[in-house]
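An overview of the molecular structure
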Number of protein chains: 2
Amino acid sequence: MRIAIDAMGGDHAPDSNVLGGLQAAKEWTDAEIILVGDEQRIRPLLSEIPSNLRIVHASEVIEPDDEPVKSVRRKKDASMVVAGRMVKNNEADAMISAGNTGALMTTGLLVVGRMPGIERPALAPMIPTIDGHGVLALDLGANMDAKPEHLAQYALMGSIYREKVQGVANPRIGLLNVGTEAQKGNELTKEAFPLLEALPINFVGNVEARDILNGVCDVLVCDGFAGNILLKSMEGTASAIFSLLKDSFTRSLKNKLAAAVLMPELRGLKDTLDYKEHGGAPLLGLNGLVVKSHGSSDAGAIKNAVRQARVAVSSGLVANISKEVIQ
Amino acid sequence: MRIAIDAMGGDHAPDSNVLGGLQAAKEWTDAEIILVGDEQRIRPLLSEIPSNLRIVHASEVIEPDDEPVKSVRRKKDASMVVAGRMVKNNEADAMISAGNTGALMTTGLLVVGRMPGIERPALAPMIPTIDGHGVLALDLGANMDAKPEHLAQYALMGSIYREKVQGVANPRIGLLNVGTEAQKGNELTKEAFPLLEALPINFVGNVEARDILNGVCDVLVCDGFAGNILLKSMEGTASAIFSLLKDSFTRSLKNKLAAAVLMPELRGLKDTLDYKEHGGAPLLGLNGLVVKSHGSSDAGAIKNAVRQARVAVSSGLVANISKEVIQ
């Protein structure tokens with residue numbers, strides 16, 4: 001299998017992307033790693049070039065602040081766009097990028113293309129849970145508004161990904177809502193509920209925002225707006241609490257000494273709740289596999305995204321989703 | 001002024017409601033406190049009956065699990081409904097209830113009645129912020145779906161309440177959104193943005209869920225669904241972190257000793273983030289003042305709700321909102 005890495009996207013590009021790609025090539029010799037980007041910048045970063053790693057030159061870069069649709073349309077030789085075109089033309093089985101999220105979704109839609117039968121591709125990152133298993137949440141921002149049928153497609157795609165790629169048998173699918181009773185919700189979730197019930201998935205009903213961290217489901221279905229509010233308020237609350245704890249724990253010498261004892265515990269807790277730790281997010285519903293790696297990805301995160309892409313490709317993810325959608 | 005208290009609603013009713021009402025009557029002798037409910041249960045709880053306190057008998061009670069619309073329609077002599085009717089008939093200037101939230105909103109709509117010009121009344125509780133000032137958020141659950149014009153009305157009503165009742169000069173109004181840029185959002189927020197810009201309020205633009213705790217605005221405008229997701233995920237995250245902290249801090253004797261030193265700090269932090277501490281939530285946009293006190297209200301919380309109602313009535317809140325809306 002062939003996995004293209006956008007070598008130029010992300011806060012630590014190209015260094016981390018190149019290093020992560022190199023590590024991946026050495027670990028998984030059954031995969032061909034294709035580093036897409038400025039060859040003159042990539043080559044010096046490679047201490048060695050394994051036989052299953054190659055560079056595909058791309059002269060342009062999509063910047064973090066670039067307007068997504070315009071930049072994807074105009075920068076035809078951008079590393080991200082070139083990688084997308086390789087997936088489209090079946091020159092790669094998957095692509096990974098840590099670059100501009102909006103531009104990557106646009107690349108998915110306009111370059112890779114939608115899977116027949118899917119109206120809206122969805123971005124599906126992991127949200128951390130206390131038990132460490134995490135929940136695959138979609139859509140987290142590919143589209144702000146959704147119709148009931150879109151939520152049903154998210155449910156189906158998320159269920160297949162969680163099972164085939166992440167190895168969760170019979171994953172529990174929950175619908176993000178304001179109460180657990182079937183009749184609760186806004187117009188969207190009320191109409192989506194019976195559609196989800198009718199799918200060949202393990203639909204466990206509505207789940208409330210306050211229970212997500214407790215791991216009440218394996219896949220969380222929501223529209224992009226609600227998903228963003230959920231994720232950002234979890235992040236904001238955790239970050240505020242940790243910063244308040246830090247302030248109060250350093251307020252006196254006595255506190256400082258006590259806090260020093262507890263610091264390893266605090267750090268562990270912070271890591272549990274850090275969604276950046278939880279790897280790349282697939283963009284589901286495309287005619288090929290696109291994985292969004294976090295903007296701040298280091299080499300380990302890039303390698304981790306390759307691991308995910310590799311499992312997804314081996315499991316025939318895209319064909320599996322396509323089969324279910326077209327049925 | 002006359003303030004009616006639903007003596008039978010809430011987890012600690014009638015005891016806390018009666019005690020809170022009695023304390024309020026003794027503190028604010030310019031207010032008449034009317035305890036509405038089962039006289040035979042209320043009277044024995046009163047150690048004294050000040051001249052500005054009286055009981056209005058109501059033979060029925062709306063239970064926490066009662067279906068809101070049905071119960072309000074059928075239980076015409078329920079304490080909540082009788083209190084609502086007193087506001088409607090100008091026999092009371094405000095009512096307070098710690099009972100069934102859905103039933104109270106129904107009482108507001110069907111018994112007290114909407115203010116002319118307001119399509120959707122909104123529930124406006126305080127969300128805690130790190131600086132302790134809190135943010136008034138609306139709508140938090142009176143209606144799940146909203147149209148852009150509803151969000152504009154929420155903004156106007158929230159601004160007036162925050163200024164007149166809570167004494168915040170020129171309150172900053174924020175629109176809950178997925179990014180701070182003006183063009184961000186779903187269809188609802190994108191259409192609401194220019195409407196909020198056109199209002200005679202201090203609109204500070206879009207605010208992100210992760211910044212709410214940092215006090216980036218004084219009034220947060222959102223639809224009921226998004227507001228619920230925001231509030232519940234903040235609650236869930238805080239509660240999960242505190243429970244994880246508790247677990248890890250008791251894992252060893254060393255940890256326990258260190259944690260004992262920090263316990264007062266932790267408790268203070270927990271209180272800061274406990275939105276129950278932040279008093280009653282007005283139901284804005286009605287033809288009279290209705291205040292929802294938390295279901296777990298003790299006497300202090302009931303008294304606190306009377307304080308809020310008293311300020312709101314003194315400031316001519318309802319007339320002020322009405323004047324702005326009709327302009």
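Up top you'll find the structure we're talking about.
Residues numbered from 1 in each chain as written. Chains lettered and ligands numbered in written order. Predicted model: local features only at pLDDT ≥ 70, side-chain atom pairs only at ≥ 80, totals over all residues. Heavy atoms only, no water.

**So, the sheet that holds strand E6 (residues 126-127) of chain A**
Rule in force here: Should DSSP find at least two bridges between two strands, the strands are taken to pair. Numbering goes from the N terminus for both helices and strands, where a helix is a DSSP run of H or I of at least four residues and a strand is a run of E of at least two. Residues count as neighbours in contact if any of their non-hydrogen atoms are within 4.5 Å of one another. Lines are fitted to the C-alpha atoms to define the axes, a helix being fitted only along its stretch in contact, and any angle between axes, read from their N-to-C directions, falls within 0 to 180 degrees.
Here 5 strands make up an open sheet; going across it, the order is E6-E7-E10-E8-E9 (chain A) and the pairing mixed. Two strands lie at the open edges of the sheet, namely E6 and strand E9 (202-208) of chain A, each paired on one side alone. Taken together, the 2 bridges between E6 of chain A and strand E7 (residues 135-138) of chain A define a ladder with antiparallel strand orientation. Bridge pairing in E7 of chain A places Met126 of chain A opposite Leu136 of chain A. In this fold helix H8 (residues 224-249) of chain B packs onto strand E8 (172-177) and E9 of chain A, with an angle of close to 115° to the strand it touches most, E8 of chain A.

**Describing the pattern of salt bridges**
What counts here: Think of a salt bridge as a Lys or Arg side-chain nitrogen and an Asp or Glu carboxyl oxygen that are within 4 Å of each other.
In the structure shown here, the tally under the stated rule is 22 salt bridges over all chains. We note a salt bridge from Glu48 of chain A to Lys26 of chain A, for which the minimum N-O separation is 2.6 Å. Within this pair, whereas Glu48 of chain A is found in the loop between helix H2 (39-42) and strand E3 (53-57), its partner Lys26 of chain A is found in helix H1 (residues 15-27), the two being separated by 22 residues in sequence. Several salt bridges share partner residues, and in doing so they unite Glu208 and Arg210 of chain A together with Lys232 and Glu235 of chain B into one network.

**So, the environment of Asp66 of chain A**
Residues and elements named next belong to chain A. Note the cut-off: In protein, a polar contact requires one atom able to donate a hydrogen and another able to accept it; more generally it is a pair of N or O atoms within 3.5 Å, and residues adjacent in sequence count only if both atoms are side-chain atoms.
Turning to its location among the elements, Asp66 is positioned in the loop between E3 and helix H3 (68-74). On a C-alpha basis, the gap between Asp66 and Ser315 in space is 34 Å, while along the polypeptide they are 249 residues apart. Setting aside chain neighbours within four positions, we find Asp66 in contact with Val61, Ser71, Lys75 and Asn100. A distance of 2.6 Å separates a polar atom in the side chain of Asp66 from a polar atom in the side chain of Lys75.

**Quick notes on the interface of chain A and chain B**
Put simply, the rule is: Computed with a 1.4 Å rolling probe, the buried area is the accessible surface lost when two parts are put together, summed over both parts. Side-chain classes are defined by residue name, with Ala, Val, Leu, Ile, Met, Phe, Trp, Tyr, Cys and Pro counting as nonpolar, Asp, Glu, Lys and Arg as charged, and the others, Gly among them, as polar.
Each partner contributes to the interface: chain A provides 44 residues, whereas chain B provides 44 residues. Across the chain A to chain B interface the summed buried area is about 4,100 Å²; carbon plus sulfur atoms make up 74%. Where chain A touches chain B, the interface holds 4 salt bridges. For Lys232 of chain A, the salt bridge goes to Glu208 of chain B, with nearest N and O atoms at 2.8 Å. The tally of links between chain A and chain B comes to 7 residue pairs in polar contact (both at pLDDT 80 or more). When contributions to the side of chain A that touches chain B are tallied by element, the ones reaching two or more residues are E8, helix H7 (187-197), helix H8 (224-249) and helix H9 (253-272) of chain A. In terms of residue count, H8 of chain A provides more of the side of chain A that touches chain B than any other element does, 19 residues in total. Among the residues forming the side of chain A that touches chain B, the class breakdown is 25 nonpolar, 10 polar and 9 charged.

**Observations regarding the packing of aromatic side chains**
Residues and elements named next belong to chain A. The cut-off we apply is this: Ring pairs shown here join Phe, Tyr and Trp side chains whose ring centres sit within 6.5 Å, with only the six-membered ring taken for Trp; geometry is labelled stacked below 30 degrees between planes, edge-to-face above 60, and tilted in between. Only protein chains enter the accessibility calculation, which uses a 1.4 Å probe; a residue whose area is less than 20% of its type maximum is buried, one above 50% is exposed, and one in between is partly exposed. Counted as over-ring charges are cases with an Arg CZ or a Lys NZ within 6 Å of the ring centre that also lie within 35 degrees of the ring normal.
Here the structure, examined in full by the defined rule, presents 2 aromatic pairs over all chains. When the centroid spacing of 5.1 Å and the interplanar angle of 70° are considered together, the rings of Phe193 and Phe203 count as edge-to-face. With a gap of 10 residues between them, Phe193 in helix H7 and Phe203 in strand E9 connect regions that are remote in the sequence. In this structure Phe193 comes out as buried when scored by relative accessible area, which is 10%. The ring of Trp28 has Lys303 lying over it, and the distance from NZ or CZ to the ring centre is 5.9 Å.

**Looking at the environment of Met115 of chain A**
All names here are of chain A. With respect to the secondary-structure elements, Met115 resides in the loop between helix H5 (101-112) and strand E5 (122-123). On the basis of relative accessible area, Met115 is assigned to the buried category, the value being 1%. When the C-alpha atoms of Met115 and Leu284 are compared, they prove to be 9.0 Å apart, with 169 residues separating the residues in sequence.

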